[in-house]
Amino acid sequence: MITRLLFVFSMLVPAFSVWADSDQYTLNLTRGVTDISEQVYGLHMTILYICIIIGVIVFGVMFWSILHHRKSKGAVPATFHESTKVEVAWTVVPLLILIGMAIPATRVLLAMEDASEPDITVQVTGSQWKWHYRYFDHEVEYFSLLASSPAQIANEAPKREAYLLEVDRPLVLPIGKKVRFLITSEDVIHSWWVPDFAVKKDANPGFINEAWTKIDKPGIYRGQCTELCGKDHGFMPVVVIAKPVDEFEAWIQQTASTQLQRKRKNKNSSI
Ligand SMILES: [Cu+2]
């Protein structure tokens, strides 16, 4: 019986670690596309493995004791009480485990929070129920709204692959550059989240929160608002397009001149 249980357990542990390590299953944290997201993933896996080891040891000892020291086998309860040695052990061992977890966790947290010396700064403002992006050092700013139509939401029209995760104007960023986000809100609390960057920061009205990223790979990255912010909370996705630096520069120059022309036109028409 015990051998069979041990066999089943020994089969489960490697199966779980392969599953937890694989990118194709979305139950686990994503590895992402930045150095920070890789560090966060590594930290998550380290802590997970520590928890698994603790679980195996604790439950192993518990089940072994239940089986081997049961009454029907003639086991007699031990009579020790208030053993100082045991009390010191169960205080010191968890403390050492916690310190062992806190050291890598603090290292990753400090790296995540260090938004100093950015190459580009983007102000991200949440409002019910859309995002607004403003590039510092460039005359570029715009709203980014959900692109899935009301007909699609009402199941009256065919849906695209990125249904509810598509916007009319995505945030465009260069790869290989440190981008600082200044995140705030105009009304209620929102939260700007892109899992591939390991960036998730609350957008609080009246406050500015900082976050940063440095994207390694060009591509389209999707996220969502992750703070319940009202009836259309599920309809304010985040889409980021990461481009090589030269393509980004061309895009921002083009967008800046288009916005400038539009502003002049509006000014003239209002005069
Ligand atoms: Cu929101």
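Residues numbered from 1 in each chain as written. Predicted model: local features only at pLDDT ≥ 70, side-chain atom pairs only at ≥ 80, totals over all residues. Heavy atoms only, no water.

### Description of the side chain of Thr 34
Along the chain, the position of Thr 34 falls in the loop between helix H1 (2-21) and helix H2 (35-68). Looking at Thr 34, the relative accessible area reads 4%, which means it is buried. When near neighbours in sequence (up to four residues on either side) are disregarded, Thr 34 contacts Asp 196, Phe 197, Thr 213, Lys 214, Ile 215 and Asp 216. (Helix = DSSP H or I, 4+ residues; strand = E, 2+ residues; numbered from the N terminus. Buried < 20%, exposed > 50% of the residue type's maximum accessible area, 1.4 Å probe, protein only. Contact = heavy atoms within 4.5 Å.)

### Quick word on the sheet that holds strand S8 (residues 209-213)
Spatially, the five strands line up as an open sheet ordered S3-S2-S1-S5-S8, and their pairing is mixed. Each edge of the open sheet carries a strand with a single partner, namely strand S3 (140-144) and S8. Ignoring which end each strand starts from, the neighbouring axes of this sheet average 20 degrees apart. (Pairing = 2+ DSSP bridges. Axes fitted to C-alpha atoms, helices over the stretch in contact; angles between N-to-C directions.)

### Concerning the pattern of salt bridges
Enumeration according to the criterion identifies six salt bridges in this entry. Note that Asp 232 is salt-bridged to Lys 231, the shortest N-O span being 3.2 Å. (Salt bridge = Lys/Arg side-chain N within 4 Å of Asp/Glu carboxyl O.)

### A short note on the domain arrangement of the chain
Its domain assignment divides the chain into domain 1 (12-71 + 83-113) and domain 2 (120-263). Its C-alpha centre places domain 1 at a distance of 34 Å from the equivalent point of domain 2. At the interface, 11 residues of domain 1 touch 12 residues of domain 2. Across the interface of domain 1 and domain 2, roughly 880 Å² is buried in total on both sides, 54% from carbon and sulfur atoms. Connecting domain 1 to domain 2 are one salt bridge. Here Lys 201 ties to Glu 113 by a salt bridge, and the two come within 3.2 Å at their closest N and O atoms. Listed by contribution, the elements that provide at least two residues to the side of domain 1 that touches domain 2 are H2 and helix H3 (84-113). (Domains from an automatic or database assignment. Buried area = accessible area lost by both parts, 1.4 Å probe.)

### Digging into the coordination of the copper ion
In this structure, His 190 (ND1), Cys 225 (SG), Cys 229 (SG) and Met 236 (SD) serve as the protein donors to the copper ion, at separations of 2.1 to 2.6 Å. For the copper ion, the four donor atoms in the first shell make angles of 93 to 128 degrees at the metal, so the coordination geometry reads as tetrahedral. Mapped onto the sequence, the donors of the copper ion take the spacing H-x34-C-x3-C-x6-M. (Donors = N, O, S within 2.8 Å, 3.2 Å for Na, K, Ca; no water. Tetrahedral: all angles 85-135°; square planar, octahedral: opposite > 155°, others 65-115°.)

### A look at the nonpolar core
Val 122, Trp 131, Tyr 133, Tyr 135, Leu 171, Phe 181 and Trp 192 are the most contacted members of the largest nonpolar core, which has 34 residues in total. It is helix H5 (residues 245-270) that contributes the most residues to this core, four residues altogether. (Core = buried A, V, L, I, M, F, W, Y, C linked by side-chain atoms within 4.5 Å.)

### Points about the packing of H2 against H3
For any two helices packed against each other, the geometry is given by the interaxial angle and the distance between the axes. Two elements in contact, H2 and H3, have axes whose closest approach is 10 Å; the angle formed by their N-to-C orientations is 165 degrees. On the basis of their axis angle, the class for H2 and H3 is roughly antiparallel. Taken as a pair, H2 and H3 cross one another with a handedness that is left-handed. Where H2 abuts H3, its residues Ile 36, Gln 39, Val 40, Leu 43, Ile 47, Ile 50, Cys 51 and Ile 54 lie against Ile 97, Met 101, Pro 104, Ala 105, Val 108, Ala 111 and Met 112. The residue inventory of the contact of H2 with H3, partitioned by class, reads 14 nonpolar, one polar and no charged. (Parallel < 35°, antiparallel > 145°, perpendicular 65-115°, else oblique. Left-handed = near helix turned anticlockwise from the far one by under 90°. Nonpolar A, V, L, I, M, F, W, Y, C, P; charged D, E, K, R; others polar.)

### Things to note about the sheet that holds strand S9 (residues 219-225)
The mixed open sheet is built from five strands, whose spatial order is S4-S10-S9-S6-S7. Every other strand in the sheet has two partners, leaving strand S4 (171-174) and strand S7 (199-203) as the edge strands with one partner each. Looking at each pair of strands side by side, their axes are set apart by 25 degrees on average, direction ignored. In this structure, S4 lies alongside strand S10 (residues 238-243), joined through four bridges in parallel fashion. When the sheet's bridge partners are listed, Leu 173 is paired in S10 with Ala 242.

### Some details on the packing of aromatic side chains
One pass over the full model with this rule turns up nine aromatic pairs. Consider the rings of Tyr 142 and Trp 251, whose centres lie 6.3 Å apart with planes at 80 degrees: the pair is edge-to-face. One end of the pair, Tyr 142, is in strand S3; the other, Trp 251, is in helix H5, and 109 residues separate them in sequence. Every member of this aromatic cluster is reached through a ring pair, and the members are Tyr 133, Tyr 135, Tyr 142, Phe 248 and Trp 251. If you follow Lys 178 out to its NZ or CZ, it ends over the ring of Trp 212, 4.4 Å from the centre. (Phe/Tyr/Trp six-rings, centres within 6.5 Å; stacked < 30°, edge-to-face > 60°. Lys NZ or Arg CZ within 6 Å of the ring centre and 35° of its normal.)

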